[in-house]
Amino acid sequence: MAITLHNFPEGLATFFSMLDSPGIGAPLAAAIAIHNIPEGIAIAVPVYFATRNKWYAVGASLISGLAEPLGALIGYALLAPYLSQTVFGTVFGMIAGVMVFLALDELLPAAKRYAQGHETVYGLVSGMAVLALSMILFKW
Ligand SMILES: [Zn+2]
């Protein structure tokens with residue numbers, strides 16, 4: 001549920017960054033697309049093991065993924081008349097806050113419940129390294 005919820009602002013952030021600056025939006029969209037692969041797996045695998053139904057697992061992952069374009073659509077429908085650099089900055093800041101909150105309040109504690117050692121921290125640091133590397137590769 002937390003992953004699906006974060007997909008609404010994620011889709012909006014990706015869409016707005018593309019509107020604001022395609023030079024930044026396109027690499028961001030590529031990065032989001034890449035990170036959606038493990039995210040989809042993170043949804044499908046537990047759902048599969050809970051239900052033993054692969055179609056339910058794929059469906060849950062698909063519905064979660066569809067929250068991204070839906071978030072972009074709803075956000076754009078609400079904010080299109082007011083688009084400006086101030087609105088972009090405000091929306092990006094709010095979305096960053098939502099992402100940090102979800103990660104710290106929902107995802108990390110949930111990951112920690114299933115970890116048996118330092119896997120959660122290793123995953124966190126690895127994710128940060130991948131982000132840093134992708135920022136270098138895309139020269140943000
Ligand atoms: Zn995501």
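Asks: Hey, could you go over the overall build of the chain for me, with residue numbers and the actual values?
Replies: Within the chain, the secondary structure is distributed over 5 helices and 0 strands. Listing the helices and strands of the chain from first to last along the sequence gives α-α-α-α-α. Taken along the three principal axes of its C-alpha coordinates, the chain extends 45 × 30 × 25 Å. In the chain, which comprises 140 residues, the proportion classed as buried is 16%. In the chain, once contacts between residues fewer than 6 apart in sequence are set aside, the share between residues at least 24 apart is 62%.

Asks: An account of the confidence of the model for the chain is needed here, citing residue identities and associated values.
Replies: When pLDDT is averaged across the chain, the result is 90; 99% of the residues are at 70 or more. Across the chain, helix α3 (residues 54-79) holds the top mean pLDDT of 94, while helix α5 (residues 119-137) sits lowest at 89.

So, how was this worked out
Residues numbered from 1 in each chain as written. Predicted model: local features only at pLDDT ≥ 70, side-chain atom pairs only at ≥ 80, totals over all residues. Helix = DSSP H or I, 4+ residues; strand = E, 2+ residues; numbered from the N terminus. Buried ≥ 20, exposed ≤ 12 C-beta atoms within 10 Å, placed from the backbone. Contact = placed C-beta atoms within 7 Å. pLDDT = per-residue confidence, 0-100.

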